Amino acid sequence: VDRLTFDVQVTNAQAATIFMEDVHAGMVSSRKFLLPKYFYDADGSELFEKITELPEYYPSRVETKLLASIVDDLVARIQPKEIVELGSGSSSKTQLLLNASQSSLKRYIPLDVSSSIVNSTAKRLLSKYPQLSIHAIIGDFEQHLAMIPPSIGRRTVLFLGSTLGNLNETSRLNLLQEIRKIVVPGDCVLLGVDLVKEVRILEEAYNDSQGVTAAFNRNILAVINKNLQADFQLEMFRHNAFYNEERSRIEMHLISQGNQTVRIKGLNLDVLFRPEESIWTESSYKFTRDAVENMLAHADLPLVQWYTDSEAQFGIAVASPE
Ligand code: SAH
Ligand code: TRP
């Protein structure tokens, strides 16, 4: 269909090289780490969808409800002609916006690293919204915002799910400055952020009773096994997620159960693990309204509207350049 463009930003060979470099850097570091974008192969994207349905994982539920309650008001003001979405995944919350903006909306531009989920989502949306063109971009939102096509007018940039919170402070600011370059006055940025709250609620959200989050965390090792012929034994790494109050972030780690050596054939590397040694796989920063307003202001994206649910669990910021 010519209503669908599928833009892949990196060749498989380039992606393989970058993956090798990133895994190598993380495994030889004195504090081992892996980059969270590597969670999301086809299995990882499916596991993430399961996370969003867990009773403990309130952010998806609360953000969806909040968005549903404000979407008519939002769309009446913004009347978006096109929506660019970073880390679009299954675009399930996005559909609230797509439904409400049917009269003005011409184009949807999802950008995500996970080709499997973007592919199936784009097909579903094409048949559901016969007036809509979709320009899907498979790429890294930290690297490929410049590949987004020129605006056709009244652009809204969506960044939901508190995915911005998975970046550290420097990377967050860089990304917001890159976002600033793809919007003009009259456009807007919608940012979904998880808020600071009681530690118990935060920690339960990343330690669900069914072990789905643990499986998601360990899946990053399966991705390395598959792509770099490594022999990580997944059950030899314990999922550990806790709130670091000083830094306002959940940290996710994989903890080695005992002494072990992992062979990563594709890197010609043996990795030694001490008992209880950790691989840091992700952070999820938690925000306050003031912190969000400040970080947006630093990127020259003034906050124009702030929405939150009745319990102030989750926030949606609307920013617009002047
Ligand atoms: N927006 C959806 C999905 C959030 S999960 C929601 O709110 O439910 C995070 C999404 O961002 C996943 O689909 C993942 O594939 C994508 N992602 C993670 N890191 C990325 C990166 N560096 N560049 C592009 N997409 C990324
Ligand atoms: N942006 C989401 C968050 O920080 C991503 C996420 C949710 C996640 N649950 C997770 C990432 C579990 C890793 C593991 O909440």
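The preceding data block contains the structure.
Residues numbered from 1 in each chain as written. Chains lettered and ligands numbered in written order. Predicted model: local features only at pLDDT ≥ 70, side-chain atom pairs only at ≥ 80, totals over all residues. Heavy atoms only, no water.

**Student:** Explanation requested: the overall build of the chain in the structure shown.
**Tutor:** Counting its secondary structure elements, the chain contains nine helices and 13 strands. On C-alpha atoms alone, the chain measures out to a radius of gyration of 20 Å, which is about the 20 Å that the 2.2 N^0.38 rule sets for 322 residues. Projected onto its principal axes, the C-alpha positions of the chain cover 60 × 45 × 35 Å. The buried share of the chain, taken over its 322 residues, is 53%. When contacts within the chain are restricted to residue pairs at least 6 apart in sequence, long-range pairs at least 24 apart make up 73% of them. A distance of 3 Å separates the average location of the 32 positive side-chain charges in the chain from that of its 41 negative side-chain charges. (Helix = DSSP H or I, 4+ residues; strand = E, 2+ residues; numbered from the N terminus. Rg over C-alpha atoms; globule rule 2.2 N^0.38 Å. Buried < 20%, exposed > 50% of the residue type's maximum accessible area, 1.4 Å probe, protein only. Contact = heavy atoms within 4.5 Å. Lys, Arg positive; Asp, Glu negative; His and termini not counted. Charge placed at Lys NZ, Arg CZ, Asp CG, Glu CD.)

**Student:** Is there a simple way to explain the sheet that holds strand S12 (residues 303-308) in this structure?
**Tutor:** Across a sheet, paired strands are connected by hydrogen bonds in the backbone, their directions being either parallel or antiparallel. Strands sit in the order S1-S4-S3-S2-S5-S6-S13-S12 across an open sheet of eight strands; the sheet is mixed. Here the strands that pair on one side only, and so sit at the sheet edges, are strand S1 (4-8) and S12. The average angle at which neighbouring strand axes cross in this sheet is 15°, direction not considered. Contacting S1, strand S3 (107-112) and strand S4 (133-138), helix H5 (residues 115-128) crosses the sheet at an angle of about 180° to S4. Strand contacts of helix H9 (residues 289-298): strand S6 (188-194), S12 and strand S13 (314-319), with the helix running at about 150° to S12, the strand carrying the most contacts. (Pairing = 2+ DSSP bridges. Axes fitted to C-alpha atoms, helices over the stretch in contact; angles between N-to-C directions.)

**Student:** Explanation requested: the site of ligand 2 in the structure shown.
**Tutor:** Lining the immediate environment of ligand 2, one finds 13 residues, of which Tyr 57, Asn 166, Tyr 206, Glu 282 and Ser 284 sit closest. Taking Gly 161, its main chain carries an N or O atom lying 3.0 Å from a nitrogen atom of ligand 2. Secondary structure elements with two or more residues in the shell around ligand 2: helix H2 (42-51), helix H8 (212-228) and strand S11 (278-285). Looking at the shell around ligand 2 residue by residue, the class counts come to six nonpolar, six polar and one charged. (Near = heavy atom within 4 Å. Polar contact = N/O pair within 3.5 Å; in protein donor to acceptor, adjacent residues only side chain to side chain. Nonpolar A, V, L, I, M, F, W, Y, C, P; charged D, E, K, R; others polar.)

**Student:** Looking at this model, I keep getting lost on the side chain of Asn 219. Mind explaining?
**Tutor:** If you trace the backbone, Asn 219 turns up in helix H8. For Asn 219, the side chain forms a polar contact with the side chain of Asp 41, separated by 3.0 Å. The residues touching Asn 219, leaving out its near neighbours within four places in the chain, are Phe 39, Asp 41, Asp 43, Gly 44 and Leu 47.

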